[in-house]
Amino acid sequence: MSVIYDRVALIGLGLIASSMFWAMKRNGLAREVTGYARSAATRDAARRIGLCDHVCDTVAEAVKDADLVVLAIPVGVMGAVAAEIGPHLKPGATVTDVGSVKRDVIENVGPHIPETVHFVPGHPVAGTEHSGPDSGFAELFDNRWCLLTPPEGTDLTAVAELRRFWEGLGSNVEEMEADHHDLVLAVTSHAPHLIAYTMVGVADDLRRVTDSEVIQYSAAGFRDFTRIAASDPTMWRDVFLTNKDATLEILGRFTEELFALQRAIRTGDGAHLHDYFTRTRAIRRGIIEAGQDTAAPNFGRAQKPV
Ligand SMILES: NC(=O)C1=CN([C@@H]2O[C@H](COP(=O)(O)OP(=O)(O)OC[C@H]3O[C@@H](n4cnc5c(N)ncnc54)[C@H](O)[C@@H]3O)[C@@H](O)[C@H]2O)C=CC1
Ligand SMILES: O=C(O)C(=O)Cc1ccc(O)cc1
């Protein structure tokens with residue numbers, strides 16, 4: 001593959017930025033990659049493992065002369081960091097982000113980007129429960145979606161170039177409107193994370209009563225919850241605070257359904273439970289038969305309906 005951006009600056013050196021770096025190197029997408037993280041300890045860790053061609057001690061130095069600047073930091077600090085970098089951006093450059101929420105990022109970053117610089121928001125829908133500079137790997141984005149949410153009027157060439165870049169990192173790229181993105185992700189990612197956090201919290205309370213049994217005898221479903229509930233607290237705090245309306249909308253619907261299932265259990269309404277579980281099983285089988293289970297950890301290997 002060929003170079004798409006001569007110089008890329010990664011701001012924030014955690015899971016997503018480090019995975020982008022290794023994937024860029026794997027596929028030769030950038031000639032030089034600079035990096036910056038707020039804490040000196042993270043910058044030192046990055047230097048130790050050879051993450052970035054040059055790790056800078058100031059954000060201004062990192063973005064200077066960059067053709068692409070990637071904000072790979074928690075959603076809650078995007079606006080403040082955009083304000084810091086705004087005056088140092090090169091005319092003609094593109095700024096993007098990888099935040100899990102899009103409307104809030106557009107509102108908080110957009111105003112700090114000079115007229116001469118393009119801003120194309122993005123979200124790779126790929127990740128793990130791990131964080132920090134050591135956690136990245138080049139294959140993270142392979143065959144996963146990257147969603148771009150350019151506001152109306154965004155330069156089409158800048159969007160097309162960023163699309164090619166994410167395709168070069170291994171992703172399938174789709175464009176969508178930011179509010180739609182936030183609602184879809186509230187259903188598929190944000191509410192499920194909150195449910196996992198809650199379930200693990202409930203089990204932890206119970207553990208005090210039953211000693212270590214909750215963990216010792218946990219079945220696969222609960223283990224999956226504990227994996228998700230190990231995700232970075234700062235990142236997820238910011239996701240819920242910035243995608244507030246969509247998350248509350250989905251949680252409201254979730255609670256209604258949960259109450260209906262609770263009532264069916266209390267009244268012994270087996271037909272309700274059976275119908276409900278039959279419907280949800282059909283959804284899972286439909287996803288697999290349509291070959292859309294690209295987010296499964298064993299993607300790429302033969303799968304049979306479960
Ligand atoms: N972890 C995941 O599975 C996914 C995360 N995302 C999004 O990507 C973004 C980054 O997430 P991760 O890489 O997982 O996080 P991470 O916690 O691994 O890394 C975040 C980095 O940002 C730095 N940072 C924090 N505040 C900063 C500031 N004010 N200035 C400069 N650097 C700062 C931290 O030092 C750290 O290096 C978040 O917005 C998240 O919503 C998107 C897709 C998946
Ligand atoms: O680890 C998992 O199961 C995830 O769901 C990863 C993830 C977390 C946040 C995102 O915005 C996108 C993907």
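Our structure's up above, just so we're on the same page.
All values reported here derive from a predicted model rather than from experimental measurement.

The subject of this paragraph is the pairing of strand E2 (residues 30–36). E2 sits mainly inside the fold: 5 of its 7 residues count as buried. In this structure, strand E1 (residues 5–11) lies alongside E2, joined through 6 bridges in parallel fashion. When the bridges of E2 are listed, Val8 appears paired with Val33. Strand direction decides the pairing type here: E2 and strand E3 (residues 54–55), joined by 2 bridges, are parallel. Pairing of Thr34 across the sheet is with His54, part of E3. Since E2 and E3 lie parallel, the crossover through helix H2 (residues 40–49) that links them has a hand, and here it is right-handed.

As a further point, take the sheet that holds E1. The 6 strands are arranged E3-E2-E1-E4-E5-E6 in an open sheet whose pairing can be described as parallel. Edge strands, defined here as strands with exactly one partner in the open sheet, are E3 and strand E6 (118–119). Pairing geometry for strand E4 (residues 68–71) and strand E5 (residues 94–97), over 4 bridges, is parallel. Within E5, the position partnered with Val70 by the bridge is Thr96. Of the strands in this sheet, E1, E5 and E6 touch helix H6 (residues 156–168), which is tilted by about 55° from E5.

With that out of the way, let us pick up the site of ligand 1. Around ligand 1 there are 28 residues in total, and Gly12, Gly14, Ser100, Gly127 and Ser131 lie nearest to it. The set of elements that each furnish at least two residues to the shell around ligand 1 consists of helix H1 (15–27) and helix H10 (233–242). Of the residues forming the shell around ligand 1, the biggest block, 3 residues, is contributed by H1. Counting residues domain by domain, the shell around ligand 1 receives three or more from each of domain 1 (5–176) and domain 2 (180–267).

Another point: the sheet that holds strand E7 (residues 122–124). Strands pair in a sheet through their backbones, by hydrogen bonds, and they do so in one of two ways: parallel or antiparallel. Pairing is mixed across the open sheet formed by 3 strands, whose spatial order is E7-E8-E9. Either end of the sheet is taken by a strand with one partner, and the two such strands are E7 and strand E9 (172–175). Each strand of the sheet is rotated relative to its neighbour by a mean of 20°, with strand direction disregarded. Strands in contact with H6 are E7, strand E8 (145–148) and E9; relative to E8, the strand with the most contacts, it is inclined by about 165°.

This part is about the nonpolar core. Of all hydrophobic cores here, the largest spans 62 residues; its most connected members are Val8, Leu10, Ile11, Val69 and Val70. The dominant element in this core, judged by the number of residues it contributes, is H1, at 7 residues. In terms of nonpolar packing, the next biggest core, distinct from the first, is built from 6 residues, Leu185, Ala186, Leu194 and Ala246 among them.

Before going further, it helps to examine the environment of Thr267. Of note, Thr267 is situated in helix H11 (residues 244–267). The class for Thr267 is exposed, based on 9 C-beta atoms found within 10 Å. Sequence separation of Thr267 and Phe141 is 126 residues, and the distance between their C-alpha atoms is 46 Å.

Moving on, we get to unusual backbone geometry. In the Ramachandran plot, Asp65 falls in the positive-phi region, its phi being about 70° despite a non-glycine side chain. With respect to the secondary-structure elements, Asp65 resides in the loop between helix H3 (59–63) and E4. Although it is not a glycine, Asn143 adopts a positive phi angle of roughly 60°.

Criteria and cut-off values
Residues numbered from 1 in each chain as written. Chains lettered and ligands numbered in written order. Predicted model: local features only at pLDDT ≥ 70, side-chain atom pairs only at ≥ 80, totals over all residues. Buried ≥ 20, exposed ≤ 12 C-beta atoms within 10 Å, placed from the backbone. Helix = DSSP H or I, 4+ residues; strand = E, 2+ residues; numbered from the N terminus. Pairing = 2+ DSSP bridges. Right-handed = clockwise from strand over helix to strand, strands pointing away. Contact = placed C-beta atoms within 7 Å. Axes fitted to C-alpha atoms, helices over the stretch in contact; angles between N-to-C directions. Near = placed C-beta within 6 Å. Domains from an automatic or database assignment. Core = buried A, V, L, I, M, F, W, Y, C linked by C-beta atoms within 7 Å.

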